[in-house]
Amino acid sequence: MFRKGFSYSFPIVAGYLPVSMTFGILAVTLGFSKTEAILTSALIFAGSSQFALISILPESFLSGVIIPIILNLRHLVYSSILSQKFEIKKASITAFGLTDEVFATSVNTRGDERFIWGLEAGSYISWVGGTALGVFAGSALSDDAIASALVFSLPALFLVLLLPNLKEYSTLAAFFGGAIALSFHFIGMSSAGILLAGILSPALVMKLRRMMG
């Protein structure tokens, strides 16, 4: 099951490498040392929260800590769902490696906790390795156009993971979630919108299903 999960992580790896390289480049550009940039990915492993951290931390230590925590509150939803589908024996290990993409890939897959570990191992290695590559090859990849193209790979990966799951009520949940997140984005509250979309969209769909019997 671990090997199966690791093989299923390859699409995630393809999305993580360019984004983590961008993170490594940006961290060094903002004044973080190479060691600090790599340790951020190795110890935190939180994608968008890491970008928020390195952008805010130099100006405000408190905000640099609190905002990434708020961004990651959606993992409460993820972990609750996965704990009902898998028998979780090593919660601390499974929780550390849980990301949006790992959740999206594992939620509709049958297996045991080792499958999730395989997914997480491939994802973690690519994220930390990509950060190191960005740190040490940053001068050659620091062009703004290249960096923008690298960052776009993550939304593209989300779309690829979403499309196969658009069936019956999940399509409606995706529509509600997108509408909620987009509405909050337009009023400058993107992080809150993501959290509320993750909580409200499944609740709305569950309510609708009950009403329709």
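Above this text sits the structure in question.
We now turn to the structure provided with this report. (Residues numbered from 1 in each chain as written. Predicted model: local features only at pLDDT ≥ 70, side-chain atom pairs only at ≥ 80, totals over all residues. Heavy atoms only, no water.)

1. Let's talk about the nonpolar core
Next, step 1: In terms of nonpolar packing, the biggest core is built from 23 residues, with Ala-27, Ile-54, Leu-82, Leu-98, Val-102, Phe-103 and Trp-127 touching the most fellow members.
Next, step 2: Those elements that place two or more of their residues in this core are α2 (10-29), α4 (48-56), α6 (75-85), α8 (100-106) and α9 (113-136).
Next, step 3: Beyond its immediate sequence surroundings of up to four residues, Leu-98 is in contact with His-75, Tyr-78, Ser-79, Leu-82, Phe-103 and Glu-120. (Core = buried A, V, L, I, M, F, W, Y, C linked by side-chain atoms within 4.5 Å. Buried < 20%, exposed > 50% of the residue type's maximum accessible area, 1.4 Å probe, protein only. Helix = DSSP H or I, 4+ residues; strand = E, 2+ residues; numbered from the N terminus. Contact = heavy atoms within 4.5 Å.)

2. Looking at unusual backbone geometry
Excluding glycine, residues mostly carry a negative phi; peptide bonds, for their part, are mostly trans.
Next, step 1: Even without being a glycine, Phe-45 presents a positive backbone phi close to 50°.
Next, step 2: Checked against the element boundaries, Phe-45 lands in the loop between α3 (34-43) and α4.
Next, step 3: Residue classification places Phe-45 among the buried positions, given a relative accessible area of 4%.

3. Let's talk about the packing of aromatic side chains
Next, step 1: By the definition in use, this model includes nine aromatic pairs.
Next, step 2: Aromatic pair Tyr-8 and Phe-115: ring centres 5.4 Å apart, planes at 75°, arrangement edge-to-face. Here Phe-115 lies in helix α9 and Tyr-8 lies in helix α1 (residues 2-8), a separation of 107 residues in the sequence.
Next, step 3: Looking at Phe-115, the relative accessible area reads 0%, which means it is buried.
Next, step 4: Judged by centre distance (5.4 Å) and plane angle (75°), the ring pair of Tyr-16 and Trp-127 falls under edge-to-face. (Phe/Tyr/Trp six-rings, centres within 6.5 Å; stacked < 30°, edge-to-face > 60°.)

4. A short note on α3
Next, step 1: Those residues of α3 that fall on the buried side of the exposure criterion are Ala-37, Thr-40, Ser-41 and Ala-42.
Next, step 2: In the core, the buried residues of α3 are packed alongside α2, α4, α7 (91-96) and α9.
Next, step 3: A positive backbone phi angle near 50° is found at Phe-45, which sits one or two residues after α3.

5. Describing the environment of Trp-117
Next, step 1: With respect to the helices, strands and loops of the structure, Trp-117 is situated in helix α9.
Next, step 2: On the basis of relative accessible area, Trp-117 is assigned to the partly exposed category, the value being 23%.
Next, step 3: In the structure, Trp-117 is positioned 27 residues away from Lys-90 in sequence and 10.0 Å away in space, judged by C-alpha atoms.
Next, step 4: Residues in contact with Trp-117, not counting those within four places in the same chain, are Phe-2, Lys-90, Ile-93 and Thr-94.

6. Focus: the side chain of Thr-99
Next, step 1: Mapped onto the fold, Thr-99 is located in the loop between α7 and α8.
Next, step 2: Of note is the side chain of Thr-99, whose polar atom sits 2.8 Å from the side chain of Tyr-16.
Next, step 3: The contact partners of Thr-99, leaving out residues within four places of it in the chain, are Tyr-16, Phe-45, His-75 and Tyr-78. (Polar contact = N/O pair within 3.5 Å; in protein donor to acceptor, adjacent residues only side chain to side chain.)

7. Some details on the packing of α2 against α4
Next, step 1: The contact between α2 and α4 brings their axes to 11 Å, and the two run at 10°. Between α2 and α4, the angle is such that the two are roughly parallel. Two secondary-structure elements touch here, α2 through Val-19, Thr-22, Phe-23, Leu-26 and Ala-27 and α4 through Gln-50, Phe-51 and Ile-54.
Next, step 2: Residues that form the contact of α2 with α4 fall into these classes: six nonpolar, two polar and no charged. (Axes fitted to C-alpha atoms, helices over the stretch in contact; angles between N-to-C directions. Parallel < 35°, antiparallel > 145°, perpendicular 65-115°, else oblique. Nonpolar A, V, L, I, M, F, W, Y, C, P; charged D, E, K, R; others polar.)

8. Regarding the packing of α2 against α9
Next, step 1: Close contact between α2 and α9 brings their axes to 6 Å; oriented N to C, the two are set at 35°. Classified by chirality, the crossing of α9 by α2 is right-handed. Along its contact with α2, which presents Ile-12, Val-13, Tyr-16, Leu-17, Val-19, Ser-20, Met-21, Phe-23, Gly-24, Ile-25 and Val-28, the element α9 presents Leu-119, Gly-122, Ser-123, Ser-126, Trp-127, Gly-130, Thr-131, Leu-133, Gly-134 and Val-135.
Next, step 2: Each residue belonging to the contact of α2 with α9 can be placed in one class, and the counts come to 13 nonpolar, eight polar and no charged. (Left-handed = near helix turned anticlockwise from the far one by under 90°.)

9. Topic: a nonpolar patch on the surface
Next, step 1: A cluster of nonpolar side chains, contributed by Phe-61, Leu-62, Val-65, Ile-66, Ile-69, Ile-70, Leu-73 and Leu-76, occupies part of the molecular surface with about 760 Å² of accessible area.
Next, step 2: The element that contributes the greatest number of residues to the nonpolar patch is helix α5 (residues 61-71), accounting for six residues.
Next, step 3: Locating Ile-70 in the fold gives a position in helix α5.
Next, step 4: We classify Ile-70 as partly exposed; its relative accessible area is 40%. (Patch = residues over 30% accessible without salt bridge, like charges linked within 9 Å, V, L, I, M, F, W, Y side chains within 5 Å. Areas by Shrake-Rupley, 256 points an atom, 1.4 Å probe, with all protein chains shown as cover. Salt bridge = Lys/Arg side-chain N within 4 Å of Asp/Glu carboxyl O.)

Geometry only, nothing functional implied.
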